[in-house]
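# Inside the fold
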Amino acid sequence: MKRVTGIGGIFFQAKDPVALRAWYQKHLGIDVQVWGGAAFTWQGSETTIWSIGESGGDDFAPSTAPFMINYRVDDLTALLQALREEGCQVLDKTDDSEYGKFGWVVDPEGNKVELWQPPAGQ
């Protein structure tokens, strides 16, 4: 079974997300959109989302890290089951939406890792 097939997104929190987004836009040329991030499209149709949000929320909980990486996967259900069998800390919550299926695992350092199975055809 394939596990991670790419990076779907990089998300991090900032004390002043508006100022930090402006810095990245001005100095690194990232095309920050109104929703707070940018979408990088690579060969084919693969996209990586980059986003800065307000710090202090619980989106990354139980991690206390100010970032979370989203990895693309082919079969979320099978991967989450394999991770559970391997003794990993897999969070019970999953999400299935128009954007695909999402699940989460916590790495040994306490970082929340998002696993994303894109919708069919993406």
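Scroll up to find the structure.
Residues numbered from 1 in each chain as written. Predicted model: local features only at pLDDT ≥ 70, side-chain atom pairs only at ≥ 80, totals over all residues. Heavy atoms only, no water.

### Quick word on the side chain of Ser51
With respect to the secondary-structure elements, Ser51 resides in strand 3 (residues 47-54). What makes Ser51 buried here is its relative accessible area of 13%. (Helix = DSSP H or I, 4+ residues; strand = E, 2+ residues; numbered from the N terminus. Buried < 20%, exposed > 50% of the residue type's maximum accessible area, 1.4 Å probe, protein only.)

### Structural notes on helix 2 (residues 76-85)
Along helix 2, the residues classified as buried are Leu76, Leu79, Leu80, Ala82 and Leu83. In a view along the axis of helix 2, the buried residues occupy a sector of 160°, so they form one face of it. Of the residues in helix 2, the exposed ones pointing more than 90 degrees away from the buried face are Thr77 and Glu85. Of the residues trailing helix 2, Gly87 is marked for its positive phi of about 85°. (Arc of directions from axis to C-beta.)

### Observations concerning the pairing of strand 4 (residues 67-73)
Examined bridge by bridge, strand 1 (residues 4-14) and strand 4 share seven bridges and lie antiparallel to one another. Among the inter-strand pairings, Gly9 is bridged to a residue of strand 4, identified as Asn70. Across three bridges, the pairing between strand 4 and strand 7 (residues 112-117) is parallel. Bridging from a neighbouring strand, Asn70 pairs with Glu114 of strand 7. (Pairing = 2+ DSSP bridges.)

### Concerning helix 1 (residues 17-28)
Side chains that are three or four residues apart share a direction in an α-helix, a result of its 3.6 residues per turn. The end-to-end C-alpha separation of helix 1 is 16 Å, in line with the 16 Å expected for twelve residues at 1.5 Å each. Buried within helix 1 are the following residues: Pro17, Arg21 and Tyr24. For helix 1, the angular spread of the buried residues around the axis is 60°, confining them to a single face. Along helix 1, the residues that are exposed and aim more than 90 degrees away from the buried face are Val18 and Lys26. Those residues of helix 1 hidden inside the fold are in contact with strand 1 and strand 3. Following helix 1 by one or two positions, Gly29 has its phi on the positive side, about 75°. (Expected span 1.5 Å × (residues − 1). Contact = heavy atoms within 4.5 Å.)

### Section: the packing of aromatic side chains
Enumeration over the complete set of coordinates arrives at six aromatic pairs. Residues Trp23 and Tyr24 carry aromatic rings whose centres are separated by 5.1 Å and whose planes lie at 80° to one another, so their mutual orientation is edge-to-face. Ring geometry for Phe40 versus Trp42: centroids 5.9 Å apart, planes at 15°, classification stacked. An aromatic cluster of three or more residues is present, and its members are Phe12, Trp23, Tyr24 and Trp50. (Phe/Tyr/Trp six-rings, centres within 6.5 Å; stacked < 30°, edge-to-face > 60°.)

### Thoughts on the layout of surface pockets
By rolling a water-sized probe across the atoms, one finds the places where empty space is left. The calculated volume of the largest pocket comes to roughly 500 Å³. Those elements giving two or more residues to the lining of the largest pocket turn out to be strand 1, strand 3, strand 4, strand 5 (89-97), strand 6 (100-106) and strand 7. Looking at the lining of the largest pocket residue by residue, the class counts come to eight nonpolar, six polar and five charged. For the second largest pocket, the calculated volume is near 230 Å³. The wall of the second largest pocket is formed by Phe11, Phe12, Gln13, Ser51, Ile52, Gly53, Glu54, Asp59, Phe60, Met68 and Glu114. (1 Å grid on protein atoms, 1.4 Å probe; cavity = no way out; pocket = protein on both sides within 12 Å on 5 of 7 lines; lining within 4 Å. Points joined across faces, edges and corners; volume = space filled by probe spheres on them. Nonpolar A, V, L, I, M, F, W, Y, C, P; charged D, E, K, R; others polar.)

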